[in-house]
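Secondary and tertiary structure notes
Below, each chain spelled out in residue letters.
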Amino acid sequence: MQSIVLKDKSFVPYITAETISEQVKVIAQKINSDLVNETPLFLVVLNGSFMFAADLLKEVTIPCEISFIKLASYYGTTSSGVVTEMIGLTEDVKGRTVVIIEDIVDTGVTLEKLVTLLTKKEVKQVKVASFLLKPDAYKKNIIVDYVGIKIPNDFVVGYGLDYDGLGRNMKEIFVLNTK
Ligand code: 5GP
């Protein structure tokens, strides 16, 4: 794996496509056994989760539905960083098992807000699958049921994750070169 440059920053290889693929399969197997008696609705949080979701859901063998949402984080015209709204959820989720698919959970602010929004819609239960988790940054109590890889507090790109819009297409994960 070669280092990459995105705009003004360089990123070094961090997690290979093979490791990603192995971890995705492990998560899928757990979901297949845990939720065998459910018909879950997988809720893919765009944009970053598209690649993880596509790989994961190809390995999910239980009956399921899949939908996509975006989160808005605007207060007036300025981004507040606080998620205020869920865009695109057209399904009636009342009484359903919903599995949130996230690319990365960092502080958990986004996840907490999303879980709150879903709880208000009277779901039966919410499960969370995130490919990456930063345990040192995570400040919330919501259990992340399925985690691919735990990473330190570093900025990563690739496998759906971007830097200023770039890098989402990489099949490996890279970390910001701070040297
Ligand atoms: P939160 O802090 O709410 O858990 O994470 C918010 C969002 O920040 C994530 O969904 C993701 O879009 C972005 N984010 C957090 N850590 C990283 C990172 O290391 N790399 C990239 N590209 N985005 C990140």
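Look above for the structure.
Heads up: these notes are all about the structure in this document. (Residues numbered from 1 in each chain as written. Predicted model: local features only at pLDDT ≥ 70, side-chain atom pairs only at ≥ 80, totals over all residues. Heavy atoms only, no water.)

**Points about the packing of helix H1 (residues 17-34) against helix H2 (residues 50-59)**
To keep it simple, the criterion reads: Between the N-to-C directions of two axes lies an angle of 0 to 180 degrees, each axis being a line fitted to C-alpha atoms and, for a helix, fitted only over the stretch in contact. Think of it this way: any DSSP run of H or I at least four residues long counts as a helix, any run of E at least two long counts as a strand, and we number them from the N terminus. For classification purposes, angles smaller than 35 degrees are called roughly parallel, those larger than 145 roughly antiparallel, those between 65 and 115 roughly perpendicular, and all remaining angles oblique. In this scheme, a crossing is called left-handed if the near helix is turned counterclockwise away from the far one by less than a right angle; it is called right-handed if the turn is clockwise. Note on contacts: a residue pair qualifies if any of its non-hydrogen atoms lie within 4.5 Å across the two residues. The nonpolar class holds Ala, Val, Leu, Ile, Met, Phe, Trp, Tyr, Cys and Pro. Asp, Glu, Lys and Arg form the charged class, and all remaining residues, Gly among them, are polar.
Two elements in contact, H1 and H2, have axes separated by 8 Å at closest approach and are oriented at 50 degrees. Considered as vectors, H1 and H2 are oriented oblique to each other. Where H1 crosses over H2, the handedness of that crossing is right-handed. Each of Val24, Lys25, Ile27, Ala28, Ile31 and Asn32 in H1 lies in contact with H2, whose residues at this interface are Phe52, Asp55, Leu56 and Glu59. In the contact of H1 with H2, the residues fall into six nonpolar, one polar and three charged.

**Thoughts on the sheet that holds strand S9 (residues 125-133)**
Operational definition: When DSSP finds at least two bridges between two strands, those strands are taken to pair.
The six strands are arranged S7-S4-S3-S8-S9-S10 in an open sheet whose pairing can be described as mixed. Of all strands in the sheet, those bounded by a partner on one side alone are strand S7 (85-87) and strand S10 (146-150). Within this sheet the neighbouring strands show an average axis-to-axis angle of 30 degrees, counted without direction. As paired strands, S9 and S10 are joined by four bridges and run parallel to one another. Across the sheet, serine 130 pairs through a bridge with valine 147, a residue of S10. Here H2 sits on the sheet and contacts strand S3 (41-45), strand S4 (65-72), strand S8 (97-105) and S9; the angle it forms with S8, its principal contact strand, is near 135 degrees.

**Structural notes on the packing of aromatic side chains**
In plain terms, the rule: Here a pair means two rings of Phe, Tyr or Trp (six-membered ring of Trp) with centres within 6.5 Å. Their orientation is stacked below 30 degrees between planes, edge-to-face above 60, and tilted elsewhere.
In this structure the tally under the stated criterion is five aromatic pairs. Between phenylalanine 155 and tyrosine 163, the ring centres sit 6.3 Å apart and the planes meet at 80 degrees, which makes this aromatic pair edge-to-face. In textbook terms, an aromatic cluster arises when at least three aromatic residues are bridged by ring pairs, as seen for Phe11, Phe155 and Tyr163.

**Some details on the pattern of salt bridges**
To be explicit about the condition: Here, a salt bridge means any Lys or Arg side-chain nitrogen found within 4 Å of an Asp or Glu carboxyl oxygen. Exposure categories follow from relative accessible area, calculated using a 1.4 Å probe and restricted to protein chains: below 20% of the type maximum is buried, above 50% is exposed, and the middle band is partly exposed.
Per the counting criterion, the structure on display carries 10 salt bridges. Its salt-bridge partner being lysine 9, residue aspartate 8 comes within 3.6 Å of it at the nearest N-O pair. With relative accessibility at 30%, the residue lysine 9 sits in the partly exposed group. Among the salt bridges present, the one from lysine 127 reaches aspartate 145, with a minimum N-O distance of 3.9 Å. Taken together, the positions of lysine 127 in strand S9 and aspartate 145 in the loop between S9 and S10 put the pair 18 residues apart, joining distant regions of the chain. Residue class for aspartate 145 comes out partly exposed when judged on its relative accessible area of 29%.

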